[in-house]
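# Summary of structural features
Listed here are the chains, written in short residue letters.
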Amino acid sequence: MKRILLSLIIVAVAAQSCVTSLQPLATYKTAVTDDRLSGTWKSDDVDYTVQKFYNSDLFKKLKKEMDKNKTDTSKTLTKKETEDSILYARSYVVNYTKDNIEYHMFGTMVKLNGQYFINFTAADINTNEQNEQAFEITLTDRLATYTIARVKFNNANSLQLDFIDGSFLYEQVKAGRMKIKNERDDLYDTFLITASTNELQQFIEKYGTDGRFFNKENSVTLIRKG
Amino acid sequence: MRKYWEINHPLLRILQHLAFWVLSFILFLQLFKTGSQAEKVDYVYTGLFQLSLIPAVYINLELLLPKFGKRNRILVYLLLLFAAIVLFSWINYNFFAAWSAKIFPDYFFISYFTFKEIMAFFFTYIVITTLLKLSKSWFWVSELEKELLEKEKQKTEVELKALKAQINPHFFFNTLNSIYSMALDKDERLPTTILQLSDLMRYFLYESKDNFIPLKKELDVVDNYIALQRLRSGHQLTIETERSGPVNGQRIAPLLLVTFLENAFKHGAKGNSTDPYIKLTIAVEKNTLLFSVLNSKGIIDEINTTDHGGLGLENIKRQLELLYPDKHSLRVKNMKDSFAVELQLEL
């Protein structure tokens, strides 16, 4: 039941005609931070809290669980763990609640061709329902996918996220006009970009200012609350 | 020249180049396609990628290689080639990474290769096409060499025929002069002389047409010729012959030895030399023939330095150059009282 519900949630999040990529746009080497991003934002009566990962509530919760299970404190980090910790240090956690479901998303920014881009991936989802058996899913077993948006700081109190128009990309791929690695299912009209991070970055560098890649319907303007 | 013309016909050249690029396009398309089947954008991308290779390849083949691809300019060639590779790789990289968005706004692609990888593509293509060009040139040179050798052979045969045609009348002219003298003197040996001349004529006319004949036959003719001359010159002329070594299957150019001998008799037996002589030595050692003839010189020889005697010797030198290149040594010693010829031949 949990699995079915999780699948439905992911589809609901991803089906907003945003592009979904198997690979992230930002890596631990290219990830950047900007203090203007942190804070509480509001859009369409939904509050969004953006926190640096190591300052986030999610990290505190995860750390508490990790400390409980921790046995060996002298263990040195592997190369992968070091790279991940650098990436986390440069990542944000976005929390928001919609229809009594709490969403926690990882967001990592990268600067390409003078513009900020951010890739989001689901970090944690849980319900606030008290009368049902509460469930909490850490999403560690699933294959992570990323949605990509351009970040524009309009001013100190306004932030705009322009999500890449997945339907435009899908149309171009179907018409044989776009050369990007992908997996698509024409029967269910689903489409996933499988290009490498490097290729994604090159695409964004080249077409990051092309208006066709961004649709107004996929743009979200956030107003700072605090 | 037919084959050279065939290979270099402009239409054939264009077809060869077209075939190469079409094959290259097909290979690239298989390498570059995104999915299992090539899409429209794959064709466009492959075509454009190949288009950037073409000028680099032809600048190398048509300009750099012919102009600088020589041993003494190889460093300049390599430097210019490297510069061309860097330049066209840079154009390729930037075209796909940036410029194509303006030129082909409805097709979306990037440079899927790093600058170094693109340079490797260019380098590989330039090496392949250079090797193809060199192998083709080598094939032409080889064909031309063959044709040249054939022409040289034909020329040599024509020249040899001409030389033989010069030698025979020369010989017969001298012998007939001798026979004429014998007839005037009513010499009783005349019939035998005519018979021996007849044998020699048979040899000259029918058996000396080949470039090489058995050595034994040539030595028989030498004997016959000496006998003929001995009859003519009588006891005044001392003739010494010495022969050694086995003769079995070696071959020699016909009339070679006879011509030297003829010269010796002509000069040694003539004039008012008090004690004319001819010393002939023939030694055969495996495939080496040592031939030497020494003759006394008459006073006539001192006077007639431009007589026909020189023609035979010059002819024989030319024959030796044509038939025994680097396989003979000829020493001619023109001394005060004698004339010597020493010939060494690799048979």
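Residues numbered from 1 in each chain as written. Chains lettered and ligands numbered in written order. Predicted model: local features only at pLDDT ≥ 70, side-chain atom pairs only at ≥ 80, totals over all residues.

### Things to note about the overall build of chain B
To keep it simple, the criterion reads: What counts as a helix is a DSSP run of H or I of at least four residues, what counts as a strand is a run of E of at least two, and both are numbered from the N terminus. Each residue is represented by a C-beta atom placed from its backbone, and any two residues with such atoms within 7 Å are regarded as in contact.
Within chain B one finds 10 helices and seven strands. Pairs at least 24 residues apart make up 72% of the contacts formed inside chain B by residues separated by at least 6 positions.

### Some remarks on the overall build of chain A
Our working rule: Exposure is read from a count of other C-beta atoms within 10 Å of each residue's own; the residue is exposed at 12 or fewer, buried at 20 or more and partly exposed in between. C-beta atoms are placed from the backbone.
Scanning chain A from terminus to terminus reveals five helices and 13 strands. When burial is assessed residue by residue, chain A has 28% of its 226 residues classed as buried. Relative to all contacts within chain A whose residues are 6 or more apart in sequence, the contacts with residues 24 or more apart total 67%.

### A look at the environment of Gln-115 of chain A
Residue and element names in this part refer to chain A. Relative to the assigned elements, Gln-115 resides in strand β7 (residues 115-127). When the 15 C-beta atoms within 10 Å are taken as the criterion, Gln-115 is described as partly exposed. Sequence separation between Gln-115 and Arg-150 is 35 residues; the distance between their C-alpha atoms is 7.5 Å. Beyond its immediate chain neighbours, meaning those up to four positions away, Gln-115 contacts Arg-150 and Gly-208.

### Quick notes on the interface of chain B and chain A
Heads up, the rule is: Each residue gets one of three labels, nonpolar for Ala, Val, Leu, Ile, Met, Phe, Trp, Tyr, Cys and Pro, charged for Asp, Glu, Lys and Arg, and polar for the others, Gly among them.
Taken together, the contacts link 16 residues of chain B with 11 residues of chain A. Contributing elements (two or more residues each) for the side of chain B that touches chain A: α3 (40-68) and α4 (74-103) of chain B. With four residues, α3 of chain B is the largest single contributor of residues to the side of chain B that touches chain A. Of the residues assigned to the side of chain B that touches chain A, the class counts are 10 nonpolar, two polar and four charged.

### As for the packing of helix α5 (residues 197-207) of chain A against α4 of chain B
Using the following cut-off: Lines are fitted to the C-alpha atoms to define the axes, a helix being fitted only along its stretch in contact, and any angle between axes, read from their N-to-C directions, falls within 0 to 180 degrees. Any angle that is under 35 degrees is reported as roughly parallel, and any over 145 degrees as roughly antiparallel; angles of 65 to 115 degrees are reported as roughly perpendicular and all others as oblique. Helix crossings get a hand from a simple test, with the near helix turned counterclockwise from the far one by less than a right angle marking a left-handed crossing and a clockwise turn marking a right-handed one.
Axis separation between α5 of chain A and α4 of chain B bottoms out at 9 Å; the angle between their running directions is 40°. As far as their axial angle goes, α4 of chain B and α5 of chain A are oblique. α4 of chain B is crossed by α5 of chain A, and the crossing has right-handed handedness. Contacts between α5 of chain A and α4 of chain B involve Gln-202, Lys-206 and Tyr-207 of chain A from the first element and Ala-97, Ala-98 and Ala-101 of chain B from the second. Partitioned by chemical class, the residues of the contact of α5 of chain A with α4 of chain B number four nonpolar, one polar and one charged.

### Examining the packing of α3 of chain B against α4 of chain B
Helix-helix packing: each pair is described by the crossing angle between the helix axes and the interaxial distance. Residues and elements named next belong to chain B. Where α3 meets α4, the axes come as close as 10 Å, and the angle between the chain directions of the two elements is 165°. In terms of their interaxial angle, α3 and α4 are classed as roughly antiparallel. Both α3 and α4 take part in a crossing whose hand is right-handed. Across from Phe-49, Ser-52, Pro-55, Ala-56, Ile-59, Asn-60, Leu-64 and Phe-68 in α3, the residues of α4 making contact are Val-76, Tyr-77, Leu-80, Leu-81, Ala-84, Ile-85, Phe-88, Ile-91, Asn-92 and Phe-95. Tallied by class, the residues present in the contact of α3 with α4 amount to 15 nonpolar, three polar and no charged.

### What about the pairing of strand β12 (residues 190-193) of chain A?
Using the following cut-off: Strands are labelled as partners when DSSP assigns at least two bridges between them.
Note: strand β11 (residues 182-185) of chain A against β12 of chain A, four bridges, orientation antiparallel. Among the inter-strand pairings, Glu-183 of chain A is bridged to a residue of β12 of chain A, identified as Leu-192 of chain A.

### Focus: the sheet that holds strand β6 (residues 328-334) of chain B
All names here are of chain B. Taken in spatial order, the five strands of this open sheet run β2-β4-β5-β7-β6, and their pairing is mixed. Each having just a single partner strand, β2 (238-244) and β6 make up the two edges of the open sheet. Ignoring which end each strand starts from, the neighbouring axes of this sheet average 5° apart. Two strands pair when backbone bridges link them, and β2 and strand β4 (residues 277-285) are joined in this way by seven bridges, in the parallel orientation. Bridge pairing links Thr-241 to Leu-280 in β4.

### Quick notes on the nonpolar core
Residue and element names in this part refer to chain A. How we decide: We define the nonpolar core as any set of buried residues of the types Ala, Val, Leu, Ile, Met, Phe, Trp, Tyr and Cys, connected via C-beta atoms lying within 7 Å of each other.
Leu-25, Phe-117, Ile-148, Ala-149 and Ile-164 are the most contacted members of the largest nonpolar core, which totals 50 residues. Residue contributions to this core peak at six residues, all from β7. Not counting residues within four places of it along the chain, the set of residues in contact with Ile-164 comprises Cys-18, Val-19, Ile-148, Ala-149, Leu-169, Phe-213 and Phe-214.

### Re α3 of chain B
Residues and elements named next belong to chain B. The condition is simple: Helix span, as expected, comes to 1.5 Å for every residue beyond the first. We define the bend at any residue as the angle between the axes fitted to the seven residues before and including it, ending there, and the seven starting there.
The terminal C-alpha atoms of α3 lie 41 Å apart, and with 29 residues this matches the ideal 42 Å at 1.5 Å per residue to within 8%. Along α3, the largest kink reaches about 35° and is centred on Asn-60. For α3, the set of buried residues is Val-41, Asp-42, Tyr-45, Thr-46, Phe-49, Leu-53, Ala-56, Val-57, Asn-60 and Leu-64.

### Section: the pairing of strand β10 (residues 158-164) of chain A
Residues and elements named next belong to chain A. For β10, a buried count of five out of seven residues is recorded, marking the element as mostly surrounded by other parts of the structure. As paired elements, strand β9 (residues 146-155) and β10 share six bridges and run antiparallel to each other. Paired with Phe-153 across the strands is Leu-159, a residue of β10. If you look at the hairpin formed by β9 and β10, you'll find two residues sitting between the two strands. Direction of pairing for β10 relative to strand β13 (residues 214-224): antiparallel, over a ladder of six bridges. When the bridges of β13 are listed, Gln-160 appears paired with Thr-221.

### Some remarks on the confidence of the model for chain A
All names here are of chain A. The test is simple: Scored from 0 to 100, pLDDT records how confident the predictor is in each individual residue.
Per-residue confidence for chain A gives a mean pLDDT of 83; residues scoring 70 or more make up 85%. Per-element mean pLDDT across chain A ranges from 42 in helix α1 (residues 2-14) up to 94 in strand β2 (residues 31-32). Here residues 1-16 scores under 50 on pLDDT; set against residues more than four positions off or in separate chains, the count is 10 contacts.

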